[in-house]
Amino acid sequence: YFKICLELFGEVGPCVETGHINNQYDIVFGAEIGDTPNPIVFPFDEWRPDEDVLRLSILVMDHDSWNEDDHIDDLEVPIEGVPAPSEQQAVSVPVHDVGDVSELHGTLRVYCDPHWFSESCNVFCDDSQEGVHYDCTDQGSPLCHPGWTGETCALEIDECASGPCAHGNCSDLLNGYTCSCDYGYSGADCDVIED
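Residues numbered from 1 in each chain as written. Predicted model: local features only at pLDDT ≥ 70, side-chain atom pairs only at ≥ 80, totals over all residues. Heavy atoms only, no water.

## Section: the environment of Pro78
Piece 1. Structurally, the position occupied by Pro78 is in strand S6 (residues 70–79).
Piece 2. Judged by its relative accessible area of 49%, Pro78 falls in the partly exposed class.
Piece 3. Sequence separation between Pro78 and Cys181 is 103 residues; the distance between their C-alpha atoms is 69 Å.
Piece 4. Once you skip the residues sitting within four places of it in the chain, Pro78 turns out to touch Leu54 and Arg55. (Helix = DSSP H or I, 4+ residues; strand = E, 2+ residues; numbered from the N terminus. Buried < 20%, exposed > 50% of the residue type's maximum accessible area, 1.4 Å probe, protein only. Contact = heavy atoms within 4.5 Å.)

## Thoughts on the layout of surface pockets
Piece 1. A volume near 210 Å³ is recorded for the second largest pocket.
Piece 2. Lining the second largest pocket are 17 residues, with Ile79, Glu80, Val93, Leu108 and Val110 positioned closest to its centre.
Piece 3. Every element with two or more residues in the lining of the second largest pocket is listed here: S6 and strand S7 (93–98).
Piece 4. It is S7 that provides the largest number of residues to the lining of the second largest pocket, a total of three residues.
Piece 5. Its residues assigned to classes, the lining of the second largest pocket comprises 13 nonpolar, two polar and two charged. (1 Å grid on protein atoms, 1.4 Å probe; cavity = no way out; pocket = protein on both sides within 12 Å on 5 of 7 lines; lining within 4 Å. Points joined across faces, edges and corners; volume = space filled by probe spheres on them. Nonpolar A, V, L, I, M, F, W, Y, C, P; charged D, E, K, R; others polar.)

## Examining the state of the cysteines
Piece 1. Following the criterion strictly, the structure yields seven disulfides and no others.
Piece 2. Two residues, Cys144 and Cys153, share a disulfide whose sulfurs are 2.0 Å apart. Given an S-S torsion of about -85°, the disulfide between Cys144 and Cys153 has left-handed geometry.
Piece 3. Taking relative accessible area as the criterion, Cys153 reaches 0% and is therefore assigned buried. (Disulfide = S-S within 2.5 Å.)

## A closer look at the sheet that holds strand S5 (residues 54–62)
Piece 1. Here four strands make up an open sheet; going across it, the order is S2-S1-S5-S6 and the pairing antiparallel. The outermost strands of the open sheet, each flanked by one partner alone, are strand S2 (11–17) and S6. Ignoring strand direction, the axes of neighbouring strands in this sheet form an average angle of 20°.
Piece 2. Where S5 meets S6, nine bridges bridge the pair, whose relative direction is antiparallel. Along S6, the bridge assignment pairs Val60 with Asp73. (Pairing = 2+ DSSP bridges. Axes fitted to C-alpha atoms, helices over the stretch in contact; angles between N-to-C directions.)

## Examining the environment of Gly150
Piece 1. Residue position: Gly150 is located in the loop between strand S13 (148–149) and strand S14 (155–156).
Piece 2. Exposure remark for Gly150: the relative accessible area of 34% places this residue in the partly exposed category.
Piece 3. Apart from the residues lying within four places of it in its own chain, the contact partners of Gly150 are Cys144 and Leu155.

Structure (structure tokens):
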């Protein structure tokens, strides 16, 4: 079996111990490792790729029912690069390490949790909430829907503020306006003199 741990800031973080795999020399991980679901997911709060050392530490163990488990080997996989903005955008990066008696080939993906953005996954933006008027960019900034403005896109733009109706009254609409023209004028902006 394997004990797989995430190390961040030089400290051992969360670990997963896989189920036992009986008497196999070459092990190919499919949907499960023993009875442990694969892929294994490790959450972490923040990562500064240019400052922090993030790595996976893998202990290769031999389980014997008649005596204590034997520590067979240590494997270590450094995690480099920048997290992807989402799981869908994460690229699988090949990883490889050779221990004293074992060798690992695999893939690794690093991505921000939903609604978290930036190279450190520390910018929050949630455009799935009811009543918000923006979409989140890949950097986590709100991009206002048409007709909305402000830091959180909570202010409806008053399209009548510029006085677009030359000879008439303006009625503000979401992302637009309509003009009610004075007698003798027509056109979208009441700027056409009628004959």
